[in-house]
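# Results of the structural survey
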Amino acid sequence: MQNPIEEFNSYRSKMNDKLLADNNKIIKRIFNLDTNAFQEGALDTKTKELLGLVASTVLRCDDCVKYHLESSYNAGVSKEEIMESLSIATLVGGTIVIPHLRRAYEYWEALEEQEG
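Definitions and cut-offs
- Residues numbered from 1 in each chain as written.
- Predicted model: local features only at pLDDT ≥ 70, side-chain atom pairs only at ≥ 80, totals over all residues.
- Heavy atoms only, no water.
- Helix = DSSP H or I, 4+ residues; strand = E, 2+ residues; numbered from the N terminus.
- Expected span 1.5 Å × (residues − 1).
- Contact = heavy atoms within 4.5 Å.
- 1 Å grid on protein atoms, 1.4 Å probe; cavity = no way out; pocket = protein on both sides within 12 Å on 5 of 7 lines; lining within 4 Å.
- Points joined across faces, edges and corners; volume = space filled by probe spheres on them.
- Nonpolar A, V, L, I, M, F, W, Y, C, P; charged D, E, K, R; others polar.
- Axes fitted to C-alpha atoms, helices over the stretch in contact; angles between N-to-C directions.
- Left-handed = near helix turned anticlockwise from the far one by under 90°.
- Disulfide = S-S within 2.5 Å.
- Buried < 20%, exposed > 50% of the residue type's maximum accessible area, 1.4 Å probe, protein only.
- Core = buried A, V, L, I, M, F, W, Y, C linked by side-chain atoms within 4.5 Å.

### Quick look at helix 4 (residues 62-74)
For helix 4, with 13 residues, the first-to-last C-alpha span of 18 Å sits near the 18 Å given by 1.5 Å per residue. Buried positions along helix 4 lie against helix 1 (4-21), helix 3 (45-58), helix 5 (79-93) and helix 6 (98-115). Phi turns positive one or two residues past the end of helix 4, at Gly76, with a value near 90°.

Take a look at the structure:
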């Protein structure tokens, strides 16, 4: 059985490859814009990832939350920074966000455990 991180990344990679192989110009441009938006600019990458995490949590997109958690983790964001960001997301999103908060916390734990 794959761990949740490998399972998520494997599926995401497989489906992204299929979508991009279909050669739809609009989808390719959206993917490119998404990639470029999170590059270092006036805001550093860590800040942009935390903004993405908050927005994704408020919008209740678990796949997006996982993506931004992993990107944040790889960018060196601390658990404290993640939890503070998720607390803002829960405040803004309301109690309906709490199930996503639980899953985000569980995924962050998996990210930390993979180091071990």
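### Looking at empty space enclosed by the protein
Overall, the coordinates contain one cavity of 30 Å³ or more when judged by the stated rule. In this structure, the largest cavity spans a volume of roughly 40 Å³. Asp62, Val65, Lys66, Leu69, Arg103, Ala104 and Tyr107 are the residues that line the largest cavity. Among the elements of the structure, helix 4 and helix 6 are those that each provide at least two residues to the lining of the largest cavity. Residue contributions to the lining of the largest cavity peak at four residues, all from helix 4. Of the residues belonging to the lining of the largest cavity, the class tally is four nonpolar, no polar and three charged.

### A look at the packing of helix 3 against helix 5
Between two packed helices, the angle of one axis relative to the other and the distance separating the axes together describe the packing. Running from N to C, helix 3 and helix 5 point in directions that differ by 35°, and their axes come no closer than 8 Å. In the packing of helix 3 onto helix 5, the handedness of the crossing is right-handed. Where helix 3 abuts helix 5, its residues Lys46, Leu50, Leu53, Val54, Thr57 and Val58 lie against Glu81, Ile82, Ser85, Leu86, Ala89, Val92 and Gly93. Partitioned by chemical class, the residues of the contact of helix 3 with helix 5 number eight nonpolar, three polar and two charged.

### Thoughts on the state of the cysteines
By the definition in use, this model includes one disulfide. Sulfur-sulfur distance for the disulfide between Cys61 and Cys64 comes to 2.5 Å. Here the disulfide of Cys61 and Cys64 is right-handed, its torsion about the S-S bond being about 60°. Judged by relative accessible area, Cys61 falls into the partly exposed class, the value being 26%.

### Some details on unusual backbone geometry
Among all residues save glycine, negative phi is the norm, and among peptide bonds the norm is trans. For Asn23, which is not glycine, the phi torsion reads 60° and is therefore positive. With respect to the helices, strands and loops of the structure, Asn23 is situated in the loop between helix 1 and helix 2 (25-37). When its relative accessible area of 53% is taken as the criterion, Asn23 is described as exposed.

### What to know about the nonpolar core
One finds Leu53, Leu69, Ile82, Tyr107, Trp108 and Leu111 to be the most contacted residues of the largest nonpolar core, which totals 15 residues. Sorting the residues of this core by element identifies helix 1, helix 3, helix 4, helix 5 and helix 6 as the ones contributing at least two each. Ranked by residue count, the leading element in this core is helix 6, at five residues. Residues contacting Tyr107, with those up to four places away along its chain left out, are Pro4, Ile5, Phe8, Lys66, Leu69 and Glu70.

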